[in-house]
Amino acid sequence: MKSLNEDLKTGQFKQIYLLYGEEAYLKKQYRDRLTKALLPEGDTMNFAHFEGKGVDVKSVIDLSETLPFFAERRLIVFDNTGFFKSAGADLADYIKEMPDTTYYIFVEDEVDKRSKLFKAVKSKGRVVELPFQDENTLKRWVAGKIRNENKQVTEQTIIYFLNKVGTDMENITKELEKLFSYTMEKTDITKEDVDAICVTQIANHIFDMVNAVAEKQQKKALDLYYELLALKEPPMRILFLMTRQYRMLFQVKHLANKGYSKKEIASKTGLHPFAVGKYMDQAKYFKTSELRMVMEYSADIEQRVKTGLLTDNLAVELFIIKYSSK
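Note on numbering: residues in each chain are counted from 1, in written sequence order. Per-residue local features of the predicted model are confined to residues with pLDDT of at least 70, and side-chain atom pairs are confined, for both listing and counting, to 80 or more; whole-chain, interface and lining totals are unaffected and use all residues. Side-chain numbers here rest on the full set of heavy atoms in the structure, without hydrogens or water.

As a further point, take unusual backbone geometry. One non-glycine residue with positive phi stands out, namely lysine 216, at about 60°. Relative to the helices and strands, lysine 216 resides in the loop between helix H10 (202–214) and helix H11 (218–230). Here's how the labels work: a residue is buried when its accessible area is under 20% of the maximum for its type, exposed when over 50%, partly exposed in between, all with a 1.4 Å probe on protein chains only. Assessed through its relative accessible area of 34%, lysine 216 is described here as partly exposed. A positive phi angle, close to 70°, is found at lysine 232, a residue other than glycine. Here a helix means four or more residues in a row that DSSP labels H or I, a strand means two or more in a row labelled E, and each is numbered from the N terminus.

See below:
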């Protein structure tokens, strides 16, 4: 990101940019900032956007060959075309001889670094990976946004906020905007403010419920379940999410026992690094054999619902009661 920020600061741009990785918020932010920097605002004559699979490479090349209309550049933006996993070879060959007036921005979730197109872009342009941000980066980012509003907050409150709203940077931004409006007359932001206005993500709600089950806090676990029902979450979806939580705990515990680091576990499981730390802490409550038994019981109870032996609501209640009993 440092080189990308330097390009934006100096105005010395590469002809091609590839932004890829898991963090959708950063990809969108940098795509939009580059677009704004490369083209005058409102210049639709020299801008084109292709999105999704099935983009015709020949049409892209034909457009790329067209000189910009009373402007310095023509800009073409590609969103998740899949070119870097397949079908990008022809474009890779063309990139080597594309006119100096045409600029590309590729935005992708996944890329194959061995692909011909990836190598062509890396050779001629700038490749920037934008992965999930780690816990410290997220905390600094949130703290910076709060300081920009001339407000104060403790590190403990920031951690509490992130645990509640999750690690998606776009969602964090929306929740911060709500928090700033709510605390307009205040200087300090507290946990009470976070609880009053910020929405707990379903995944974090499930995490808290599993935590309550693990700590044998049966009433708390059931109360959290009833809160989800009040939010119109279907019982079987709740069971599915709980089972997925136990499955992730099983994977994290297994990898941690094999000596993998938090960063390596995040890479192997697809979890956010911030979430891996929470999972590692929660996994300490369980033996690996217990987690396996929970997943087997979940499959059994789901089958009983499907065959009409149990109602969905009762099935989830039984699940919670069974594993939260002292």
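Additional details are given in the paragraphs that follow.
What follows deals with the layout of surface pockets. Only protein atoms enter the 1 Å grid used here. Points where a 1.4 Å probe fits but cannot escape make up a cavity, open sets with protein on both sides within 12 Å along at least five of seven lines make up a pocket, and a residue lines them when an atom lies within 4 Å of a point. Grid points are joined across faces, edges and corners, and a volume is the space filled by probe spheres set on the points. Quantified by volume, the largest pocket comes out at close to 670 Å³. Looking at the largest pocket, it is lined by 29 residues, and the ones nearest its centre are Thr167, Ala203, Leu271, Ala275 and Tyr279. Of all the elements in the fold, those that place two or more residues in the lining of the largest pocket are helix H7 (155–165), H10, helix H12 (235–257) and helix H14 (273–283). Basically, the charged four are Asp, Glu, Lys and Arg, the nonpolar ten are Ala, Val, Leu, Ile, Met, Phe, Trp, Tyr, Cys and Pro, and anything else, Gly included, counts as polar. Residue classes in the lining of the largest pocket are distributed as 14 nonpolar, nine polar and six charged. Taken together, Glu22, Glu129, Pro131, Phe132, Asp134, Lys263, Ala266, Ser267, Gly270, Leu271 and Pro273 form the lining of the second largest pocket. Considered class by class, the residues forming the lining of the second largest pocket number five nonpolar, two polar and four charged.

Turning our eyes to something else, we now look at empty space enclosed by the protein. Taken as a whole and judged by the stated rule, the model has one cavity of 30 Å³ or more. Here the largest cavity defines a volume of roughly 40 Å³. Residue lining of the largest cavity: Val142, Ile146, Val153, Thr157, Ile158, Phe161, Leu176, Leu179, Ile189 and Val194, and that is the complete set. Those elements that provide at least two residues to the lining of the largest cavity are helix H6 (135–148), H7 and helix H8 (169–182). For the lining of the largest cavity, the leading source of residues is H7, giving three residues. When the residues that make up the lining of the largest cavity are grouped by side-chain class, the tally is nine nonpolar, one polar and no charged.

Put simply, side chains in a regular strand alternate between the two faces of the sheet. Counting buried positions over the five residues of strand S1 (residues 16–20) gives five, a clear majority of the element. Of the two faces of S1, both are covered, the one formed by Ile16, Leu18 and Tyr20 as well as the one formed by Tyr17 and Leu19. Here five bridges tie S1 to strand S4 (residues 102–108), and the two strands are oriented parallel to one another. Across the sheet, tyrosine 17 pairs through a bridge with isoleucine 105, a residue of S4. The criterion for strand pairing is that DSSP finds at least two bridges linking the strands in question. In terms of strand pairing, S1 meets strand S5 (residues 126–129) through four bridges, oriented parallel. Among the inter-strand pairings, leucine 19 is bridged to a residue of S5, identified as valine 128.

The next subject is a nonpolar patch on the surface. Two distance rules govern patches: like charges are joined within 9 Å, and nonpolar side chains (Val, Leu, Ile, Met, Phe, Trp, Tyr) within 5 Å, applied only to residues with over 30% relative accessible area and no salt bridge. The Shrake-Rupley method, run with a 1.4 Å probe, gives the accessible areas here. Residue values count only the displayed protein chains as cover. Between Lys or Arg on one side and Asp or Glu on the other, a salt bridge is scored when a side-chain nitrogen of the former is within 4 Å of a carboxyl oxygen of the latter. A cluster of nonpolar side chains, contributed by Met45, Phe69 and Phe70, occupies part of the molecular surface with about 410 Å² of accessible area. The topology assignment puts methionine 45 in the loop between helix H2 (24–38) and strand S2 (47–51). Look at methionine 45 and you get exposed, because its relative accessible area is 51%.

Taking strand neighbours across the sheet as the criterion, the five strands line up as S2-S3-S4-S1-S5 in an open arrangement whose pairing is parallel. Each of the sheet's edge strands pairs with one partner strand only, and the pair in question is S2 and S5. Geometrically, the sheet is characterised by an average inter-axis angle of 10° between neighbouring strands, direction not taken into account. The contact rule is simple, with two residues in contact once any of their heavy atoms fall within 4.5 Å. Note on definitions: angles span 0 to 180 degrees between N-to-C directions of axes, and those axes are lines fitted to C-alpha atoms, for helices only across the stretch in contact. Lying on the sheet, helix H1 (residues 2–10) is in contact with S1 and S5; it crosses S5 at an angle near 125°.

The next point concerns the packing of H7 against H8. Remark: H7 packs on H8, axes separated minimally by 10 Å, with the N-to-C direction vectors making an angle of 120°. Considered as vectors, H7 and H8 are oriented oblique to each other. The crossing of H7 and H8 is right-handed. Every residue of H8 that contacts H7 at Phe161, Leu162 and Val165 is listed here: Asn171, Ile172, Glu175, Leu176 and Leu179. Here the residues of the contact of H7 with H8 are counted per class, giving six nonpolar, one polar and one charged. Here the word oblique covers every angle except those under 35 degrees (roughly parallel), over 145 (roughly antiparallel) and from 65 to 115 (roughly perpendicular). By the definition used in this description, the sense in which the near helix is turned from the far one sets the handedness, with an anticlockwise turn below a right angle giving left-handed and a clockwise turn giving right-handed.

Our next topic: the pairing of S4. Judged by how many residues are buried, S4 sits mostly within the fold: seven of seven residues are covered. Residues of S4 alternate between two faces, with Thr102, Tyr104, Phe106 and Glu108 on one and Tyr103, Ile105 and Val107 on the opposite face, all of them buried. Whether a crossover is right-handed comes down to one check: with the strands pointing away from the viewer, does the path from the first strand over the helix to the second run clockwise; if it does, it is right-handed. Considered for its hand, the β-α-β crossover made up of strand S3 (residues 74–79), helix H4 (residues 89–95) and S4 is right-handed.

The next point concerns the nonpolar core. Within this scheme, the nonpolar core is defined by two criteria: the residues are buried Ala, Val, Leu, Ile, Met, Phe, Trp, Tyr or Cys, and they are joined through side-chain atoms within 4.5 Å. Judged by nonpolar contacts, the single largest core of 41 residues is most densely connected at Met209, Met242, Tyr246, Phe319 and Ile320. Among the elements of the structure, H10, H11, H12, helix H13 (262–269), H14, helix H15 (288–306) and helix H16 (312–324) are those that each provide at least two residues to this core. With 10 residues, the top contributor of residues to this core is H12. What methionine 209 contacts, discounting residues up to four positions off in sequence, is Ala221, Leu224, Tyr225, Leu228, Ile238, Met242 and Ile320. Judged by nonpolar contacts, the second largest core, of 36 residues, contains Phe13, Ile105, Val142 and Ala143.

By themselves these figures say nothing about function.
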